[in-house]
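Residues per chain are reported as follows:
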Amino acid sequence: MPYDVARDSEGYIYVVDRGNHCVKKYTASHDYVGQLGSGPGTAADQFQYPQGIAIDRDDHLYILDSHNNRVSKWTAAGCHLMNWGSGPGSGDENFDRPEYLAVDEDYVYISDFHNSRICKWTQTGTFVKKFGSVGSGPEQFDHPGGIALDGKGNLIIADTYNHRICKWTTDGTFVSVAGSGGSGDGQYNNPWGVTCDDTGDVFVADAHNNRICKLDNDLSFLYSFGSGPGTGEGEFNYPFGVYLAETGTLYITDYDNDRIQEYTLMPLFADPNSNDYHLKSENGRFYPEDPANPAMFGKLDGLWAMDAVTSPCIDLGDPASGVGMELTHNGGRVNLGAYGGTSYASRSIRILKGDLNHDNFVDLADLAILSANWLNSLP
C-alpha cells in the first residue's frame, strides 16, 4: 500500500509502504535496497501507518508516523535520528493523524489532517507556528492533505475534503484558492498529494477521479491525464502521492494497485524563469549569451555548460547511425530538435570508448582514472 514517494540527491527512491509500516528504498533502476523502520509499533524506530515523506538538501528523511502522531527523522543510510510530536491532540506540539509534509532550507511544514491546520516546525523539532482552521472559508481547511513548496516562497496545499487547492506563504498568509468538487476541468474529488516543478506549476493527485491534474502557479487548470479505476498502463486506483524529481520524472503512488507509476513530463529547460530554454545536458549545452559566467568554459567548438542531468527531450542517440538518419537518432551530435539551429541547441549523449570522465575526450585524464582503478584492484 504505497502512500507517498520521494527521491534523494543520489537518485535513491523512497516509498512509504503504509500497510507494512515501513519505508522501502530502491535504486533509480528500481532495485530493492532495504527498508527503514518496522511495525506496527511505538518504539523510536518503529511506525504505525506512516504516510508522508520529504527529504532535505542534506538527504535527511522526514517521515510522518501518522498513527503515532509524530515526525520521524532518519538519515538516508537508515539511521534513526529523532522523533517529535505527540497525540492525538490539538495543542501546539500535538498532531491528529498528520498526512503530508514539505521541507525547505530551515523548516518542516506539516498538514495536520484531523486538526485541519498546517504546522511549521524547525528541522530539529521546535514548534514555530500553526495556521488555518476547520471550515470552507478562504482561509480554512477541511482535512488538508498534500503540501509542497513552489520555489516562490509559497506552500501549495490540497484542501482534500473541500475539493480545492490553496496557496499560502510559508509564513502563514493566505494567497489564493481554486477548485470545487466534481470531475470537470478545475474540479477535484478528494485531491491528495501535490508537487511542483521548477517554474512553480503544480501537479495534483486527484485521488477519487483517478487522474493527475496539472495547474499553473496561479492554480489555473492546464490539463489532466490518467483514468480509472483500472490496472492498465496510465490507469490508477486511488493515486495518493506525487513527487517530481529534478530529472523530470514524476513518481505517482498508485495506492490500491500496490505500485508506483513513473512519467517523464519535464523538458528540463535550463532556467525558464529567465527565458533560458536551453535543454539541460550532461554532454553540454551551448551558452552564447554570457561568456563571463564562471559556470561556463570554452570547449567543444564553443562555450558549453555541463549539467548534472540530461533532458528527456534530447535524443540519447545511436552512435552507429549516419548523419542523415534522423529518425534513428543522431547520437553525439548537437540536438536537432525544436531548438536545433538556434543558440539554444544542446548535445545528446555520445558514447565514446575510453572517455572515463565523460568530457568527450580520450586523454591523459582518462588514463589516470584507468591507472587508479587498476592499482585499486591489486591485492
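For the structure, check the block above.
Residues numbered from 1 in each chain as written. Predicted model: local features only at pLDDT ≥ 70, side-chain atom pairs only at ≥ 80, totals over all residues. Heavy atoms only, no water.

*Asks:* Just give me the short version of the overall build of the protein, but keep the residues and values in it.
*Replies:* Regarding its fold elements, the protein presents one helix and 30 strands. Looking at the protein residue by residue over its 379 residues, the buried ones come to 48%. Of the contacts made within the protein by residues no fewer than 6 positions apart, 41% connect residues no fewer than 24 positions apart. Summed over all atoms, the accessible surface of the protein reaches about 16,800 Å², with 50% contributed by carbon and sulfur. (Helix = DSSP H or I, 4+ residues; strand = E, 2+ residues; numbered from the N terminus. Buried < 20%, exposed > 50% of the residue type's maximum accessible area, 1.4 Å probe, protein only. Contact = heavy atoms within 4.5 Å. Areas by Shrake-Rupley, 256 points an atom, 1.4 Å probe, with all protein chains shown as cover.)

*Asks:* Tell me what's going on with the pairing of strand S25 (residues 259-264), and back it up with residues and numbers.
*Replies:* Across six bridges, the pairing between strand S24 (residues 249-254) and S25 is antiparallel. Residue pairing for S25: Thr-253 is matched across the bridge by Ile-260. Between the end of S24 and the start of S25, which pair antiparallel, lie four residues, with Asp-258 showing a positive phi angle near 55°. (Pairing = 2+ DSSP bridges.)

*Asks:* Can you lay out the sheet that holds strand S22 (residues 221-225) for me, pointing to particular residues and giving the numbers?
*Replies:* Strand order in this open sheet of four strands is S19-S20-S21-S22, and the pairing throughout is antiparallel. The sheet terminates laterally at strand S19 (191-196) and S22, the two strands that pair on one side only. Each strand of the sheet is rotated relative to its neighbour by a mean of 20°, with strand direction disregarded. Across four bridges, the pairing between S19 and strand S20 (residues 202-206) is antiparallel. Paired with Cys-196 across the two strands is Val-202, which belongs to S20. (Axes fitted to C-alpha atoms, helices over the stretch in contact; angles between N-to-C directions.)

*Asks:* Run through the pairing of strand S4 (residues 32-36), naming residues and quoting values.
*Replies:* Bridge count for strand S3 (residues 22-26) against S4 is four bridges, and the pairing is antiparallel. The residue of S4 that forms the bridge with Lys-24 is Gln-35. The hairpin turn running from S3 into S4, its antiparallel successor, is five residues long, and His-30 in that turn takes a positive phi close to 75°.

*Asks:* Tell me what's going on with the sheet that holds strand S12 (residues 127-131), and back it up with residues and numbers.
*Replies:* Pairing is antiparallel across the open sheet formed by four strands, whose spatial order is S9-S10-S11-S12. Edge positions in the open sheet fall to strand S9 (98-103) and S12, since each of these has one partner strand only. Between one strand and the next, the sheet's axes are offset by a mean angle of 20°, whatever the strand orientation. Alignment of strand S10 (residues 107-112) against strand S11 (residues 117-122), held across six bridges, turns out to be antiparallel. Across the sheet, residue Tyr-107 finds its bridge partner in S11, namely Thr-122.

*Asks:* Explain the side chain of His-143 residue by residue, including any values.
*Replies:* Along the chain, His-143 turns up in the loop between S12 and strand S13 (144-149). Classification of His-143 as buried rests on a relative accessible area of 15%. Polar contacts involving the side chain of His-143 include one to the side chain of Asp-142, which spans 2.8 Å. Those residues in contact with His-143, other than ones at most four positions away along the chain, are Phe-113, His-114, Ser-116, Ala-158, Asp-159, Thr-160 and Tyr-161. (Polar contact = N/O pair within 3.5 Å; in protein donor to acceptor, adjacent residues only side chain to side chain.)

*Asks:* Describe unusual backbone geometry, listing the residues and the values that go with them.
*Replies:* The omega torsion across Gly-87 and Pro-88 is 5°, close enough to zero to call that bond cis. Counting through the fold element by element, Pro-88 comes out in the loop between strand S8 (80-84) and S9. The linkage connecting Gly-228 with the following residue, Pro-229, adopts the cis geometry, with an omega of 5°. We note that Asp-59 has phi near 65°; this positive angle belongs to a residue other than glycine. By the element assignment, Asp-59 lies in the loop between strand S5 (50-55) and strand S6 (60-65). On the basis of relative accessible area, Asp-59 is assigned to the buried category, the value being 12%. Phi at His-163 takes a positive value of approximately 55°, unusual for a residue other than glycine. Mapped onto the elements of the fold, His-163 is located in the loop between strand S14 (154-159) and strand S15 (164-169).

*Asks:* Can you explain the nonpolar core? Please cite residues and give values.
*Replies:* Within the largest apolar cluster, 17 residues are counted, with the highest numbers of intra-cluster contacts made by Ile-147, Ile-157, Trp-192 and Phe-240. If you list the elements that add at least two residues to this core, you get S9, S14 and S15. Apart from residues no more than four positions distant in its own chain, Ile-157 is found in contact with Ile-118, Phe-131, Phe-141, Pro-144, Gly-146, Ile-147, Arg-164, Ile-165, Cys-166 and Trp-168. Val-71, Val-108, Cys-119 and Phe-127 belong to the second-largest nonpolar core, a separate cluster that totals 13 residues. (Core = buried A, V, L, I, M, F, W, Y, C linked by side-chain atoms within 4.5 Å.)

*Asks:* Account for the pattern of salt bridges, naming residues and giving values.
*Replies:* Taken as a whole and assessed by the stated rule, the structure comprises nine salt bridges. The residue Lys-24 makes a salt bridge to Asp-17 at a minimum N-O spacing of 3.0 Å. With relative accessibility at 22%, the residue Lys-24 sits in the partly exposed group. Relative accessible area serves as the criterion here: at 6%, Asp-17 is assigned to the buried category. (Salt bridge = Lys/Arg side-chain N within 4 Å of Asp/Glu carboxyl O.)

*Asks:* Describe the packing of aromatic side chains, naming the residues involved and giving the relevant values.
*Replies:* Under the definition given, this model contains 19 aromatic pairs. On the basis of an interplanar angle of 20° and a centroid distance of 5.1 Å, the ring pair of Trp-192 and Phe-240 is categorised as stacked. Taken together, the residues span a long stretch of sequence, with Trp-192 in strand S19 and Phe-240 in strand S23 (residues 239-244) at a distance of 48 residues. Centre to centre, the rings of Phe-236 and Tyr-263 are 6.4 Å apart; their planes meet at 45°, and the pair counts as tilted. With Phe-236 in the loop between S22 and S23 and Tyr-263 in strand S25, this pair connects stretches of sequence that are 27 residues apart. For the residue pair Phe-236 and Tyr-263, the accessibility class agrees, reading buried in each case. One aromatic cluster in this structure is built from Tyr-3, Tyr-100, Phe-113, Tyr-161, Trp-192, Tyr-238, Phe-240 and Tyr-255. Taking the ring centre of Tyr-12 as reference, the NZ or CZ of Lys-25 above it sits at 4.4 Å. (Phe/Tyr/Trp six-rings, centres within 6.5 Å; stacked < 30°, edge-to-face > 60°. Lys NZ or Arg CZ within 6 Å of the ring centre and 35° of its normal.)

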